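Coordinate analysis (summary)
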Amino acid sequence: MSDSSKTMTVLSRMAIIIAVLSALALVGTLVFYFQDLAIPPLLMLFARLGLPAAFILAAIVVFGNVAKRRKN
């Protein structure tokens, strides 16, 4: 396994982990909201910025794989 494919594997796993944690943070935010409780700022930040970060990482993985296939 080459270094670039290891990097893509790490990035894709990181994107999946961030997406799952962000979705859980979003659920937590909704629970706090519907119970009329104050939403912790860190929870709100991760719920709001986690999914875009995961999609950007996933796009990097996809474009990297496309570029690698075009070289071969």
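Reference entry: report on the structure contained in this document. (Residues numbered from 1 in each chain as written. Predicted model: local features only at pLDDT ≥ 70, side-chain atom pairs only at ≥ 80, totals over all residues. Heavy atoms only, no water.)

Glancing now at the side chain of Thr29. Along the chain, Thr29 turns up in helix H1 (residues 3-34). Relative accessible area serves as the criterion here: at 8%, Thr29 is assigned to the buried category. Of the polar contacts made by the side chain of Thr29, one reaches the backbone oxygen of Ala25; its length is 2.8 Å. When near neighbours in sequence (up to four residues on either side) are disregarded, Thr29 contacts Ile39, Leu43, Met44 and Ala47. (Helix = DSSP H or I, 4+ residues; strand = E, 2+ residues; numbered from the N terminus. Buried < 20%, exposed > 50% of the residue type's maximum accessible area, 1.4 Å probe, protein only. Polar contact = N/O pair within 3.5 Å; in protein donor to acceptor, adjacent residues only side chain to side chain. Contact = heavy atoms within 4.5 Å.)

Turning our attention to the nonpolar core. Grouped burial of nonpolar side chains is what soluble globular proteins tend to show. Membership of the largest hydrophobic core is limited to seven residues, which are Met8, Leu11, Ala15, Ile18, Ala54, Leu57 and Val61. At the level of secondary structure, the elements contributing two or more residues to this core comprise H1 and helix H2 (41-71). Broken down by element, the residue count for this core peaks at four residues, all from H1. The residues touching Leu57, leaving out its near neighbours within four places in the chain, are Leu11, Met14, Ala15 and Ile18. (Core = buried A, V, L, I, M, F, W, Y, C linked by side-chain atoms within 4.5 Å.)

The next subject is H2. Over its 31 residues, H2 extends 45 Å from the first C-alpha to the last, a length consistent with the 45 Å expected when each residue adds 1.5 Å. The principal kink in H2, of about 35°, is found at Leu49, preceding the proline Pro52 by one to four residues. Among the residues of H2, those classed as buried are Ala47, Gly50, Ala54, Leu57, Val61 and Gly64. (Expected span 1.5 Å × (residues − 1). Bend = angle between axes of the 7 residues up to and from the residue.)

Okay, a nonpolar patch on the surface next. A cluster of nonpolar residues, Ile16, Ile17, Val20, Leu21, Leu24 and Phe46, forms a patch on the protein surface that exposes about 570 Å² of accessible area. When residues in the nonpolar patch are grouped by element, the largest group, five residues, is from H1. Secondary-structure assignment places Leu21 in helix H1. A relative accessible area of 44% places Leu21 in the partly exposed class. (Patch = residues over 30% accessible without salt bridge, like charges linked within 9 Å, V, L, I, M, F, W, Y side chains within 5 Å. Areas by Shrake-Rupley, 256 points an atom, 1.4 Å probe, with all protein chains shown as cover. Salt bridge = Lys/Arg side-chain N within 4 Å of Asp/Glu carboxyl O.)

These figures come from the coordinates and say nothing about function on their own.
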